[in-house]
Number of protein chains: 2
Amino acid sequence: MDQRRSPSASERKRDPERTRALLLEAAAAEFGAKGYAATRTTDIAARAGVNKQLISYYFGGKEGLYKELATSWHGTAAEMASPEQPLDTVLAGFVHTTLTDHGRLWAWSNLADDSPPTDEAFLRAQVEQMRERQNAGELPADLDPGFLLLALMAAASAPLTLRHTARQITGEDPATPEFATKYAEQLALLVRHLSGRT
Amino acid sequence: MDQRRSPSASERKRDPERTRALLLEAAAAEFGAKGYAATRTTDIAARAGVNKQLISYYFGGKEGLYKELATSWHGTAAEMASPEQPLDTVLAGFVHTTLTDHGRLWAWSNLADDSPPTDEAFLRAQVEQMRERQNAGELPADLDPGFLLLALMAAASAPLTLRHTARQITGEDPATPEFATKYAEQLALLVRHLSGRT
DNA sequence: CCGAGTTTCAACCGCTTGGTTGATTAAGTC
DNA sequence: GACTTAATCAACCAAGCGGTTGAAACTCGG
């Protein structure tokens, strides 16, 4: 399986792990760009630079590849769940994941009926964090923490979920780091108003 | 559906307008539920209760049907653009369009690369309205009105764009009128905090 | 350097897709 | 009531889909 040995490894001709990684990366890009249904396995293989049969060989087909991605996403989400950082930093991090292939994949899977990448633990932790921020006076206490989290997450992912609308409103391409940074700053200002401090 | 005609209309055998309407309605439901790529013309025809060839006959195919829907949506959006209503009312209206087939269609088209339903005039008017609300002290003036509008629209459509996430956070089905009402109330509270009034 | 096992690929397959065809039925006209 | 036009349908089709096959290319222990 994994003979990740030192010598002659740099330009190995056959390298299954590298092939797997290439396929996962390519699949994230394709699925993220067009959604599951519109994605062609041929395109994934072409982007990865390998034969399309390898999708079946390594992942058991298109769906297996998709599910592997959906689960691997959990890790990405969790590492962003900074425990006690200021809220605007957390939001900024969230805004920036908007630009990644995994972020786009997450948006697609939220709309579709298919298996949602259930990372309930992560979400529960985030709700709890909201409640703490409310207790600390950082956020208004009369709001339901769950709904508040939902609204903030949705607002943060606007460049992704409302991509065309965002472009029409601002005249800029929302899929750029510059846009994300600027938008995150505005969100920081917004939550500052929420906390009562002008 | 609506047989609003006087003579012998109740059970007409051939009725092209009715057929067109049935197809449009069915297409909105199917496209809204699964997105363009995953929708099968056979399913649309079956839901409408007509032969699938009529899609080509009346709309020139699947894509023509989709585009017809995308343009007809503009009207729906515009009528919601209430000129001088309180902001929370506007937001509540927006939250509730989340439940409609057209709303779901809008969400899908925002993610996809395909022709965005450009209703620029509507959006420009909304931005201008934001600016007025800022001048009136209803909203903080140090925020960019475009970004503010974007954030509020994204937050309002959270039950739609972050459907699974919303369900996991709240434990309820976000696609119900009850949820929309409750969520709209929370948003109203939120914007009240934004305006500075506790 | 050989043989066993792994990794890769070109070619192919059955199925589903969106769309078309040609015929059938109803409505309007004189 | 024959003729024309519009509306509807069942059957069919080429193209594209995801997936499989069987063998070639490679790696590595002996």
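As recorded in an unreviewed UniProt entry, chain A goes by DNA-binding transcriptional regulator, AcrR family and comes from Lentzea waywayandensis.

### A word on the pattern of salt bridges
Considering all chains together, one arrives at 26 salt bridges over all chains under this definition. Note that Arg192 of chain A and Asp88 of chain A form a salt bridge whose closest N and O atoms lie 3.6 Å from each other. Taken together, the positions of Arg192 of chain A in helix H11 (residues 177-194) and Asp88 of chain A in helix H5 (residues 87-97) put the pair 104 residues apart, joining distant regions of the chain. Judged by its relative accessible area of 25%, Asp88 of chain A is partly exposed. Salt-bridge contacts for Glu128 of chain B lead to Arg131 of chain B; the nearest nitrogen and oxygen are separated by 3.5 Å. Residue Glu128 of chain B and its partner Arg131 of chain B are both found in helix H7 (residues 120-135); the two are separated by 3 residues, about one turn of the helix. Residue classification places Glu128 of chain B among the partly exposed positions, given a relative accessible area of 37%. Using a relative accessible area of 37% as the deciding quantity, one classes Arg131 of chain B as partly exposed. Taken together, the shared-partner salt bridges in this structure form one network comprising Glu30, Lys34, Asp43 and Arg47 of chain A.

### Here we look at helix H1 (residues 16-34) of chain A
All names here are of chain A. The end-to-end C-alpha distance of H1, which contains 19 residues, comes to 27 Å, matching closely the 27 Å that a straight helix rising 1.5 Å per residue would cover. Within H1, burial applies to Thr19, Leu23, Ala26, Ala27, Ala28, Ala29, Glu30, Phe31 and Gly32. Where H1 terminates, the next one or two residues include Gly35, which has phi positive at roughly 85°.

### Here's the deal with the interface of chain B and chain A
Put simply, an interface is often sized by how much accessible area is lost when its parts join up. The interface is formed by 52 residues belonging to chain B together with 51 residues belonging to chain A. In total, about 4,900 Å² of surface goes out of reach between chain B and chain A, with carbon and sulfur atoms giving 71% of it. When the area that chain B buries against chain A is broken down by residue, the three leading residues are Leu111, Phe147 and Leu150 of chain B, summing to 16%. With a closest N to O distance of 2.7 Å, Asp113 of chain B and Arg163 of chain A form a salt bridge. In this assembly, chain B and chain A are joined by 16 residue pairs in polar contact (both at pLDDT 80 or more). Breaking the side of chain B that touches chain A down by element, the ones donating at least two residues are helix H6 (101-111), H7, helix H8 (145-156), helix H9 (158-161), helix H10 (163-170) and helix H11 (177-194) of chain B.

Cut-offs and rules
Residues numbered from 1 in each chain as written. Chains lettered and ligands numbered in written order. Predicted model: local features only at pLDDT ≥ 70, side-chain atom pairs only at ≥ 80, totals over all residues. Heavy atoms only, no water. Salt bridge = Lys/Arg side-chain N within 4 Å of Asp/Glu carboxyl O. Helix = DSSP H or I, 4+ residues; strand = E, 2+ residues; numbered from the N terminus. Buried < 20%, exposed > 50% of the residue type's maximum accessible area, 1.4 Å probe, protein only. Expected span 1.5 Å × (residues − 1). Contact = heavy atoms within 4.5 Å. Buried area = accessible area lost by both parts, 1.4 Å probe. Polar contact = N/O pair within 3.5 Å; in protein donor to acceptor, adjacent residues only side chain to side chain.

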